[in-house]
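# Structure at a glance
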Amino acid sequence: MEDAERAVLTVLCEGLEALRAECARWPEARRELLTRIEDEARARRPVLALVAELLDASPDETRRMIASGPPGLGPGRADEESFGCPDGACDLVTTPLPAGPLPNCVLTGAHMRRR
């Protein structure tokens, strides 16, 4: 998978719940575009161009927006408490509450993998 696609998938996964909530206020065509993005991402097909369309930006502008990486992904997370994408398609890392339930992928619903 191309680095830019991987990065945009990571950002999408990280912000998907908030994006879904925001989507409720959008016109039908934009809600359908978000559904298409989710379907394509779930199938592990490229989504950069679709996300660019959703952001009203070009693919190059979208690449630049995500070039610095998603916020919140950095040092300071204990390995035994960090979980990542179930199939390694994105770089999202999450740290659940200690002794809490295993986190699930917002796209596939599968349990995330221990990192």
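Heads up: the structure comes first, above all this text.
Residues numbered from 1 in each chain as written. Predicted model: local features only at pLDDT ≥ 70, side-chain atom pairs only at ≥ 80, totals over all residues. Heavy atoms only, no water.

For the rest of this paragraph, the subject is the packing of helix 1 (residues 3-23) against helix 4 (residues 59-66). Relative orientation of the contacting elements helix 1 and helix 4 amounts to 65°, with a least axis distance of 10 Å. By the angle class used here, helix 1 and helix 4 are roughly perpendicular. In this structure, helix 1 crosses over helix 4, and the sense of that crossing is left-handed. Where helix 1 abuts helix 4, its residues Ala4, Ala7, Val8 and Val11 lie against Thr62, Arg63 and Ile66. Classifying every residue of the contact of helix 1 with helix 4 by side-chain character gives five nonpolar, one polar and one charged. (Axes fitted to C-alpha atoms, helices over the stretch in contact; angles between N-to-C directions. Helix = DSSP H or I, 4+ residues; strand = E, 2+ residues; numbered from the N terminus. Parallel < 35°, antiparallel > 145°, perpendicular 65-115°, else oblique. Left-handed = near helix turned anticlockwise from the far one by under 90°. Contact = heavy atoms within 4.5 Å. Nonpolar A, V, L, I, M, F, W, Y, C, P; charged D, E, K, R; others polar.)

For the coordinates displayed, the defined rule picks out 11 salt bridges. Here arginine 25 ties to glutamate 22 by a salt bridge, and the two come within 3.2 Å at their closest N and O atoms. On the basis of relative accessibility, which here comes to 66%, the residue arginine 25 falls in the exposed class. Using a relative accessible area of 32% as the deciding quantity, one classes glutamate 22 as partly exposed. Residue arginine 45 pairs with glutamate 40 through a salt bridge whose shortest N-O separation is 2.7 Å. Here the salt bridges share partners, and the residues they tie into one network are Arg20, Glu38, Asp39 and Arg42. (Salt bridge = Lys/Arg side-chain N within 4 Å of Asp/Glu carboxyl O. Buried < 20%, exposed > 50% of the residue type's maximum accessible area, 1.4 Å probe, protein only.)

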